[in-house]
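# Structure at a glance
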Amino acid sequence: SLFARPGDRDRGGNTWGRVPQELRQAWERSDSASATFLVGVKVTGDYHVPAGQTTFVALVTPHDTKRLIDQERGDLQEVRNRSTGRAERVVHAWPGYGTLALPGFREPSWANGWLLRLAALPTDPEGFHRFGFCWERNQDIVVLEYIRAQTTSPFLNRKWLPEGLR
């Protein structure tokens, strides 16, 4: 399951497992038979969430389920960039869930958040898109950066990861 964590056991046929309750409730009210998620995986990892683990998921479709969650959470117009302290205008938001964990990836859990497309900066080239993830409303956004070296560095070669995480 997309929301499973290392060490999870089958809970007597409970197919929902660790699916966040908000998503479960919206899904049950939806008419859709399938969903599409964008999954963010840690490349380098940190003290709380190691490399190779899912750092966030965002609901892309179905639109009716996304709309139900949006109605519950409200509209997100602007966030503060954690790195620069600058206010960032939100162009598009997808409801999602970010990974929170104690040090060493102990007791990982999901917290409500948003995958956000941000307005381009004046210095950005034409067609350039900026994205970030924000946990809960009114918190800082972590603006995601593409680092070209991650595709060529032998230290970041993902072949050591399990097949489903490469």
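Residues numbered from 1 in each chain as written. Predicted model: local features only at pLDDT ≥ 70, side-chain atom pairs only at ≥ 80, totals over all residues. Heavy atoms only, no water.

### Some words on the pattern of salt bridges
Under the criterion given, the structure shown has 6 salt bridges. The residue arginine 86 makes a salt bridge to glutamate 88 at a minimum N-O spacing of 3.2 Å. With relative accessibility at 34%, the residue arginine 86 sits in the partly exposed group. Take glutamate 88: its relative accessible area is 3%, and that puts it in the buried class. When the shortest N-O distance is used, the salt bridge between arginine 130 and glutamate 88 registers 2.8 Å. Of this pair, arginine 130 sits in strand β6 (residues 130-135) while glutamate 88 sits in strand β4 (residues 87-102), and the two are 42 residues apart along the sequence. Classification of arginine 130 as buried rests on a relative accessible area of 8%. The network of salt bridges with common partners includes Arg86, Glu88 and Arg130. (Salt bridge = Lys/Arg side-chain N within 4 Å of Asp/Glu carboxyl O. Buried < 20%, exposed > 50% of the residue type's maximum accessible area, 1.4 Å probe, protein only. Helix = DSSP H or I, 4+ residues; strand = E, 2+ residues; numbered from the N terminus.)

### A few points about the packing of aromatic side chains
Counted according to the given criterion, the structure contains 3 aromatic pairs. Here the aromatic rings of tryptophan 94 and phenylalanine 131 are separated by 6.3 Å at their centres, their planes lie at 35°, and the arrangement is tilted. Of the two residues, tryptophan 94 is situated in strand β4 and phenylalanine 131 in strand β6; the sequence distance between them amounts to 37 residues. Tryptophan 94 sits in the buried class, given a relative accessible area of 17%. (Phe/Tyr/Trp six-rings, centres within 6.5 Å; stacked < 30°, edge-to-face > 60°.)

### So, the side chain of aspartate 124
Turning to its location among the elements, aspartate 124 is positioned in the loop between β5 (106-118) and β6. Although aspartate 124 is buried, it makes no salt bridge; arginine 130 carries the closest opposite charge, 4.1 Å away. (Lys, Arg positive; Asp, Glu negative; His and termini not counted.)

### Looking at the environment of proline 95
Within the secondary structure, proline 95 sits in strand β4. Its relative accessible area of 0% is what places proline 95 among the buried residues. Distance from proline 95 to tryptophan 114, taken between C-alpha atoms, is 4.7 Å for residues 19 residues apart in sequence.

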